[in-house]
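One letter stands for each residue in the lines below.
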Amino acid sequence: DDHQVLSLGRFDLIVSNPPFFIDSMKSPFNQRNKARHSDSLPFETLIKNAIRLLNDHGKFCLILPTREAEVFTTLAARQQLFPEKICDIFPYPDSPFNRKMISFQRQQVSPHHESLYIRNHDRSYSNEYLMLTKDFYLNLEEQQQKQ
């Protein structure tokens, strides 16, 4: 299997921002396609290797577009990996959510649901988004003040 992961042990936490588009139009740019389309890393392969690498109480977290998140969740449940926490991500307060962050685990529970709004009505970043991402962006608060 070309997608087999060499194991260095078992882990408490695995985080992924996987290629996610299923059966959608591709870009003329090969690298962009590889980063965005799931045929470069099929969901089944990602799930199988996450299960193999997680310890018994480990969490596997990822972010996906809404449609793909539903497909992924169904495939994961078939392999005994279940959502523990689901966060719906909204670009703006008055728009539908378009991404989901999901934390999976081996134990089946009723998942905890949350919401995250990336921007406010005035297009500025929400306080929740700033708190969540501030350690990963340079000058994010400065950019916010310039808007």
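Description of the structure in this document.

When its secondary structure is counted, the chain shows five helices and five strands. Counting every position in the chain, which comprises 147 residues, the buried fraction comes to 37%. When the accessible surface of the chain is split by element, carbon and sulfur atoms take 53% of a total near 9700 Å².

Ile47, Phe60, Phe72, Leu81 and Phe104 are the most contacted members of the largest nonpolar core, which totals 19 residues. For this core, the secondary-structure elements that each account for two or more residues are α2 (43-53), β2 (54-65), α3 (66-78) and β4 (99-105). When residues in this core are grouped by element, the largest group, six residues, is from α2.

Attention now moves to the packing of α2 against α3. How two helices sit against one another is set out by the angle between their axes and by the gap between those axes. Relative to each other, α2 and α3 sit at 50°, their axes nearing to 10 Å. In this view, α2 runs oblique relative to α3, as classed from their interaxial angle. Like other packed secondary-structure pairs, α2 and α3 cross with a definite hand, here right-handed. Here Phe43, Glu44, Leu46 and Ile47 of α2 come into contact with α3, specifically with Glu68, Val71, Phe72, Leu75 and Ala76. Looking at the contact of α2 with α3 residue by residue, the classes come out as seven nonpolar, no polar and two charged.

Glancing now at the sheet that holds β4. Strand order in the open sheet formed by five strands is β1-β2-β4-β3-β5, and the pairing between neighbours is mixed. Edge positions in the sheet fall to β1 (11-16) and β5 (112-117), since each of these pairs with one other strand and no more. The mean angle between the axes of side-by-side strands here comes to 15°, regardless of whether they run parallel or antiparallel. In the sheet, β1 pairs with β2 via five bridges, with the strands oriented parallel. Across the sheet, residue isoleucine 14 finds its bridge partner in β2, namely phenylalanine 60. Of the strands in this sheet, β1 and β2 are in contact with α2, which crosses β2 at around 150°. On the sheet, α3 packs against β2, β3 (82-90) and β4 and is oriented at approximately 155° with respect to β2.

Here we come to the packing of aromatic side chains. Tallied over the full model, the rule gives seven aromatic pairs. With 5.1 Å between their ring centres and 20° between their planes, tyrosine 125 and tyrosine 129 make a pair best called stacked. Residue tyrosine 129 is classed as buried on the basis of its relative accessible area, which comes to 12%. An aromatic cluster is built from Phe43, Phe60, Phe72 and Phe104, whose rings are joined through pairwise contacts. Arginine 119 extends its terminal NZ or CZ atom over the ring of tyrosine 125, reaching a point 4.1 Å from the ring centre.

The rules behind the values
Residues numbered from 1 in each chain as written. Predicted model: local features only at pLDDT ≥ 70, side-chain atom pairs only at ≥ 80, totals over all residues. Heavy atoms only, no water. Helix = DSSP H or I, 4+ residues; strand = E, 2+ residues; numbered from the N terminus. Buried < 20%, exposed > 50% of the residue type's maximum accessible area, 1.4 Å probe, protein only. Areas by Shrake-Rupley, 256 points an atom, 1.4 Å probe, with all protein chains shown as cover. Core = buried A, V, L, I, M, F, W, Y, C linked by side-chain atoms within 4.5 Å. Axes fitted to C-alpha atoms, helices over the stretch in contact; angles between N-to-C directions. Parallel < 35°, antiparallel > 145°, perpendicular 65-115°, else oblique. Left-handed = near helix turned anticlockwise from the far one by under 90°. Contact = heavy atoms within 4.5 Å. Nonpolar A, V, L, I, M, F, W, Y, C, P; charged D, E, K, R; others polar. Pairing = 2+ DSSP bridges. Phe/Tyr/Trp six-rings, centres within 6.5 Å; stacked < 30°, edge-to-face > 60°. Lys NZ or Arg CZ within 6 Å of the ring centre and 35° of its normal.

Read these as geometric descriptors, not functional statements.
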